[in-house]
Each structure stands twice: as C-alpha cells, then as structure tokens.
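# A closer look at the structure
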Amino acid sequence: QVQLVESGGGLVQAGGSLRLSCAASGSIFSINTMGWYRQAPGKQRELVARITNGGSTNYDDSVKGRFTISRDNAKNTVYLQMNSLKPEDTAVYYCNRVPPKITITPWGQGTQVTVSS
C-alpha cells in the first residue's frame, strides 16, 4: 500500500490562498492520474482537480481558474494551490489516485480548509 498524508490546510478569509501538499509513502510515478478531492459537511466526497503523469490537468467548474494542481514525482508529492478562496470551498481535502483504489492507496486523514466570509 501507498500511504497518503495531506497537509497545508487551515483557516483563511475569503479571497485568501492556501497551498495543500500530499506526500506519498511510496512512488507515485506509476500512478497515471492523481487528484484532489474534498468533502464538505453533509455532502459526498467530490473530485475537484486531477493531473496525469504527462501533466494534463482537469478541474471541476467550481474551482476552475482559482485552483492549480501539480505533481512532483521525484518527491512523491502532489500539490493544490488554492487562490481566491470562497466560503463554499470549506471542506476536508484529500488526495488519491483517480479513480481511487482504496485497497492500494487508502484515504489519508485529509486536511481541513475553512474559509470565513
């Protein structure tokens, strides 16, 4: 199994920025597509950004133009730069492969992002 550890969350005012990191315990080079997911209270987990090994990215409409996903295979790390944050971005953020295969890469503990208005 590859363990995933997310970090970088916190409390920020609307309009602010945060940079999330996801460190993997093993190589992510063989994982073609990695993504960032989020789960708000009372809602299902949703995929907000994904990136392939070739660097192609895709974003949910709700974050397009504000969030940027990147990956560093040498460091086994995936990042999510979040700008112009809105209160509706408040959620626990997780990274995982796309689609997730929890028997191989179980969900980490996530990192809480709270955006105040």
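Structure shown above.
A short tour of the structure in this document, coming up. Worth saying up front: this structure is predicted, and the values here are computed from it rather than measured. (Residues numbered from 1 in each chain as written. Predicted model: local features only at pLDDT ≥ 70, side-chain atom pairs only at ≥ 80, totals over all residues. Heavy atoms only, no water.)

## Points about the packing of aromatic side chains
Tallying each qualifying case throughout the model produces two aromatic pairs. For the pair tyrosine 94 and tryptophan 107, a centre-to-centre distance of 5.8 Å together with 75° between the ring planes defines the contact as edge-to-face. Within this pair, whereas tyrosine 94 is found in strand E9 (residues 91-97), its partner tryptophan 107 is found in the loop between E9 and strand E10 (111-116), the two being separated by 13 residues in sequence. The ring of tyrosine 79 has arginine 19 lying over it, and the distance from NZ or CZ to the ring centre is 4.1 Å. One residue, arginine 45, lies across the ring of tryptophan 107, its end atom 4.0 Å from the ring centre. (Phe/Tyr/Trp six-rings, centres within 6.5 Å; stacked < 30°, edge-to-face > 60°. Helix = DSSP H or I, 4+ residues; strand = E, 2+ residues; numbered from the N terminus. Lys NZ or Arg CZ within 6 Å of the ring centre and 35° of its normal.)

## Here we look at unusual backbone geometry
The peptide bond linking valine 98 to proline 99 adopts the cis configuration, its omega dihedral lying at -10°. Here proline 99 is to be found in the loop between E9 and E10. If you check the backbone angles, asparagine 76 has positive phi at about 50° while not being a glycine. Even without glycine at this site, serine 84 takes up a positive phi of about 50°. Mapped onto the elements, serine 84 comes out in the loop between strand E8 (77-82) and E9.

## Brief notes about the pattern of salt bridges
Under the criterion given, the structure shown has four salt bridges. For arginine 38, the salt bridge goes to aspartate 89, with nearest N and O atoms at 3.0 Å. Of the two residues, arginine 38 sits in strand E4 (residues 33-39) while aspartate 89 sits in the loop between E8 and E9, which places them 51 residues apart along the sequence. The partner of aspartate 61 in a salt bridge is lysine 64, with the nearest N and O atoms 3.0 Å apart. Each of the salt bridges in this network shares a partner with another, and the network as a whole consists of Arg38, Glu46, Arg66 and Asp89. (Salt bridge = Lys/Arg side-chain N within 4 Å of Asp/Glu carboxyl O.)

## Focus on the sheet that holds strand E5 (residues 46-52)
Taken in spatial order, the six strands of this open sheet run E2-E10-E9-E4-E5-E6, and their pairing is mixed. Only two strands of the sheet have a single neighbouring strand rather than two, namely strand E2 (10-13) and strand E6 (57-59). For this sheet the average axis-to-axis angle between neighbouring strands, irrespective of direction, equals 25°. (Pairing = 2+ DSSP bridges. Axes fitted to C-alpha atoms, helices over the stretch in contact; angles between N-to-C directions.)

## Looking at the state of the cysteines
As used here, a disulfide is simply a covalent bond connecting the sulfur atoms of two cysteines. Per the counting criterion, the structure on display carries one disulfide. Note that cysteine 22 is cross-linked by a disulfide to cysteine 95, the S-S spacing being 1.7 Å. A residue pair is termed long-range when its members are at least 10 positions apart, and cysteine 22 in strand E3 (residues 18-24) and cysteine 95 in strand E9 qualify at 73 residues. The residues cysteine 22 and cysteine 95 share a single accessibility class, namely buried. (Disulfide = S-S within 2.5 Å. Buried < 20%, exposed > 50% of the residue type's maximum accessible area, 1.4 Å probe, protein only.)

Any functional reading would require information that these geometric values do not contain.
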